[in-house]
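A closer look at the structure
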Amino acid sequence: MIIDCESCTARPVACGDCVVTFLTIGSPRAAVGASDGVDLDVAEQHAIGVLAASGLVPPLRMDPAV
């Protein structure tokens, strides 16, 4: 899964409650505004799902443009 915030149709409405925003706050990539996307493998997707289901992080709100 490649997460590219530039192509997300939920931007900017869902950004404040998205795990990508949560994980990149204060990161150099967020500050620069890099839009290369983030590639998550199956294990990483599962880990984020478990953390979100437990209420520890917000869920992934990515809604890719078609």
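Residues numbered from 1 in each chain as written. Predicted model: local features only at pLDDT ≥ 70, side-chain atom pairs only at ≥ 80, totals over all residues. Heavy atoms only, no water.

Overview of the overall build of the protein
A count of helical and extended segments in the protein gives 3 helices and 2 strands. Reading the helices (α) and strands (β) of the protein from amino to carboxyl end gives β-α-α-β-α. Among the 66 residues that make up the protein, the fraction classed as buried is 20%. Only carbon and sulfur atoms are counted for the fraction: they give 62% of the accessible area of the protein, which is about 4,500 Å². (Helix = DSSP H or I, 4+ residues; strand = E, 2+ residues; numbered from the N terminus. Buried < 20%, exposed > 50% of the residue type's maximum accessible area, 1.4 Å probe, protein only. Areas by Shrake-Rupley, 256 points an atom, 1.4 Å probe, with all protein chains shown as cover.)

Some details on unusual backbone geometry
Along the chain, Arg11 connects to Pro12 via a cis peptide bond; the corresponding omega equals -15 degrees. Inspection of the secondary structure assignment puts Pro12 in the loop between β1 (2-3) and α1 (19-24).

Let's talk about the pattern of salt bridges
Counted according to the given criterion, the structure contains 1 salt bridge. We note a salt bridge from Glu6 to Arg11, for which the minimum N-O separation is 3.3 Å. Looking at Glu6, the relative accessible area reads 48%, which means it is partly exposed. (Salt bridge = Lys/Arg side-chain N within 4 Å of Asp/Glu carboxyl O.)

Quick word on the confidence of the model for the protein
Averaged over every residue, the pLDDT of the protein is 76; residues scoring 70 or more account for 79%. Mean pLDDT across the secondary structure elements of the protein bottoms out at helix α2 (residues 28-32), with 47, and peaks at helix α3 (residues 42-53), with 88. Counted against residues more than four places away or in other chains, residues 29-34, with its pLDDT under 50, gives 4 contacts. (pLDDT = per-residue confidence, 0-100. Contact = heavy atoms within 4.5 Å.)

A word on the environment of Val19
Tracing the backbone through its elements, the reader meets Val19 in helix α1. For the pair Val19 and Val57, spaced 38 residues apart in the sequence, the C-alpha separation amounts to 6.2 Å. Sequence-distant contacts of Val19, defined by excluding residues within four places in its chain, comprise Ile48, Val57, Pro58, Pro59 and Leu60.

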